[in-house]
Amino acid sequence: MKRILLIATGGTIASKRGQKGLKPLLSSEELLTYVPSVKEFCHTETLQLFNLDSTNIQPMHWLAIAQAVEKNYETYDGFVICHGTDTMAYSAAALSYLIQNSPKPIVITGSQKPIDLEITDARTNLSDSLRFASCDRAYGVNLVFDGKVIAGTRAKKERTKSYNAFSSINFPYIASIQEEHILFYLDDKKLLCEPLTFYHEFNSSVGLLKLIPSMDAAVLDYMAEHYDGVIIESFGVGGLPNYETCGYYSAVKKWISQGKTVVMTTQVTNEGSNMSVYEVGRTIKYEFGLLESYDMTLEAAVTKLMWILGQTKERERVKQLFYQTVNRDILWKA
Ligand code: ASP
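The present account deals with the structure reproduced in this document. (Residues numbered from 1 in each chain as written. Predicted model: local features only at pLDDT ≥ 70, side-chain atom pairs only at ≥ 80, totals over all residues. Heavy atoms only, no water.)

Structural notes on the overall build of the protein chain
A tally of helices and strands in the protein chain yields nine helices and 18 strands. With respect to the principal axes defined by its C-alpha atoms, the protein chain has extents near 65 × 50 × 30 Å. For the protein chain, the residues scored as buried account for 56% of the 334 residues in total. Across the protein chain, contacts joining residues at least 24 apart in sequence account for 70% of those joining residues at least 6 apart. Accessible surface computed for the protein chain: about 14,900 Å², of which carbon and sulfur atoms make up 50%. (Helix = DSSP H or I, 4+ residues; strand = E, 2+ residues; numbered from the N terminus. Buried < 20%, exposed > 50% of the residue type's maximum accessible area, 1.4 Å probe, protein only. Contact = heavy atoms within 4.5 Å. Areas by Shrake-Rupley, 256 points an atom, 1.4 Å probe, with all protein chains shown as cover.)

Re the pattern of salt bridges
One pass over the structure, following the stated rule, counts 14 salt bridges. Note that Arg3 and Glu45 form a salt bridge whose closest N and O atoms lie 3.3 Å from each other. Of this pair, Arg3 sits in strand β1 (residues 2–10) while Glu45 is found in strand β4 (residues 42–52), placing the two residues 42 residues apart along the sequence. Judged by relative accessible area, Glu45 falls into the partly exposed class, the value being 27%. For Asp295, the salt bridge identified is with Arg154, shortest N-O distance 2.7 Å. Separated by 141 residues along the polypeptide, Asp295 in the loop between β18 (291–292) and α8 (298–309) and Arg154 in the loop between β9 (148–151) and β10 (155–157) bring together distant segments of the chain. Each of the two residues, Asp295 as well as Arg154, counts as buried. (Salt bridge = Lys/Arg side-chain N within 4 Å of Asp/Glu carboxyl O.)

Overview of the layout of surface pockets
Estimates place the volume of the largest pocket at around 500 Å³. Lining the largest pocket are 20 residues; nearest its centre among them are Asn101, Leu192, Glu194, Thr325 and Asn327. Broken down by secondary-structure element, the contributors of at least two residues to the lining of the largest pocket are β6 (99–100) and β8 (140–145). For the lining of the largest pocket, the residue count by class is eight nonpolar, nine polar and three charged. (1 Å grid on protein atoms, 1.4 Å probe; cavity = no way out; pocket = protein on both sides within 12 Å on 5 of 7 lines; lining within 4 Å. Points joined across faces, edges and corners; volume = space filled by probe spheres on them. Nonpolar A, V, L, I, M, F, W, Y, C, P; charged D, E, K, R; others polar.)

What about a nonpolar patch on the surface?
A grouping of Val277, Tyr278 and Val280 is seen on the molecular surface, where their side chains present a nonpolar patch of about 270 Å² in accessible area. With respect to the secondary-structure elements, Val277 resides in the loop between β17 (261–266) and α7 (279–288). (Patch = residues over 30% accessible without salt bridge, like charges linked within 9 Å, V, L, I, M, F, W, Y side chains within 5 Å.)

Looking at unusual backbone geometry
Phi at Asn170 takes a positive value of approximately 55°, unusual for a residue other than glycine. Of note in the backbone geometry, Glu179 takes a positive phi value of approximately 50° without being a glycine. With respect to the helices and strands, the residue Glu179 is situated in the loop between β12 (175–178) and β13 (181–184).

So, the site of the ligand
Near the ligand, the surroundings consist of Gly11, Thr12, Asp53, Ser54, Gly84, Thr85, Asp86, Ser111 and Gln112. Between the ligand and Asp53, the relevant distance is 3.0 Å, taken from a nitrogen atom to a side-chain nitrogen or oxygen of the residue. The contact in question runs from an oxygen atom of the ligand to an N or O atom on the backbone of Ser111, over 3.2 Å. Protein burial of the ligand: of its 260 Å² of free accessible surface, 90% is covered by the chains. Looking at side-chain class alone, the shell around the ligand contains no nonpolar, seven polar and two charged residues. (Near = heavy atom within 4 Å. Polar contact = N/O pair within 3.5 Å; in protein donor to acceptor, adjacent residues only side chain to side chain.)

Digging into α7
Buried within α7 are the following residues: Gly281, Ile284, Lys285 and Phe288. Along α7, the residues classed as buried sweep out an arc of 105° about the axis, all on the same side. For α7, the exposed residues lying more than 90 degrees away from the buried face are Glu279, Tyr286 and Glu287. Buried residues along α7 sit against α6 (247–257), β17 and β18. Gly289 sits one or two residues past α7 and shows a positive phi near 80°. (Arc of directions from axis to C-beta.)

Brief notes about the side chain of Ser54
Among the secondary structure elements, Ser54 is positioned in the loop between β4 and α2 (59–71). For Ser54, a relative accessible area of 2% gives the class buried. Separated by 3.3 Å, the side chain of Ser54 and the backbone nitrogen of Asp86 make a polar contact.

Section: empty space enclosed by the protein
In total, this model carries one cavity of 30 Å³ or more according to the counting rule given. Counted as a void, the largest cavity has a volume near 70 Å³. Around the largest cavity, the lining residues are Phe132, Arg137, Ala138, Tyr139, Gly140, Asn142, Ile174, Phe184, Leu186, Asp188, Asn327 and Arg328. Residue composition of the lining of the largest cavity, by class: six nonpolar, three polar and three charged.

Everything listed is a geometric property; what it means functionally is a separate question.
Structure (structure tokens):
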């Protein structure tokens, strides 16, 4: 029988109703008691790392989760992390960078309703996750939610209330889970050949600037001064306004030449960026050396940059790592 470690971190799944609203209170052991039938296919042990609403999750928590997996890696066949849904896509992407090429499955899950309610998605999500983590064909970091398995770097929370909260962006679902059956759409574990690697550094000095029409370029100056990396979430396939005194262009040029990393991504969820198309994108990309996220999700771009800047600030190396595929995060090659 497979041995699985259930790591609890909080979220709605573990929440109870208090006077000030929902708050994570249930322990990892208590969560497990709501899915007694999983004993038929796995032996589960539990670990309570923290009990947080995922609004409060930060890079130090991603490092703690990755360290817990690393410490227990030899003892268990798979790992399930219970987590709040609000920042789950960031955590799934962060873990994809911190734990690379894992032949054992690492599943992150949660729910839209607390597990102790009569009508809830929590029990299904938790037992699906334990089932997927017990499957020989599963590997790497994936998010399991509402019967779907999504690569850790491709998930996005697209619905605040419905059970089908998460979508896989610019990439197919890995599998679906229907009762006790796992239907694989991507069954490629045999192609895994790189060695398992754990990373232990993240640089959280990464900021995100979402553009709106007419925004003052001084905001970019402010951000680049305060962060090692700035991601600009622009419009369409990606460009920067060149009205008035071209403040954005001079800010990008100045900060990149001073060693900051500037990445362009798009506010449009699907299909990604391509700055080569329009003059407003092409010039800055080729003249100033901006990076672009192409088909990566925002969550992947943010956490990937934090992972990269935790290792190096050398411009060519940053570029090389940013465009290197990790856990299916980017298909488009620059
Ligand atoms: N606010 C909760 C959290 O992210 C929402 C959830 O878990 O669904 O922890």
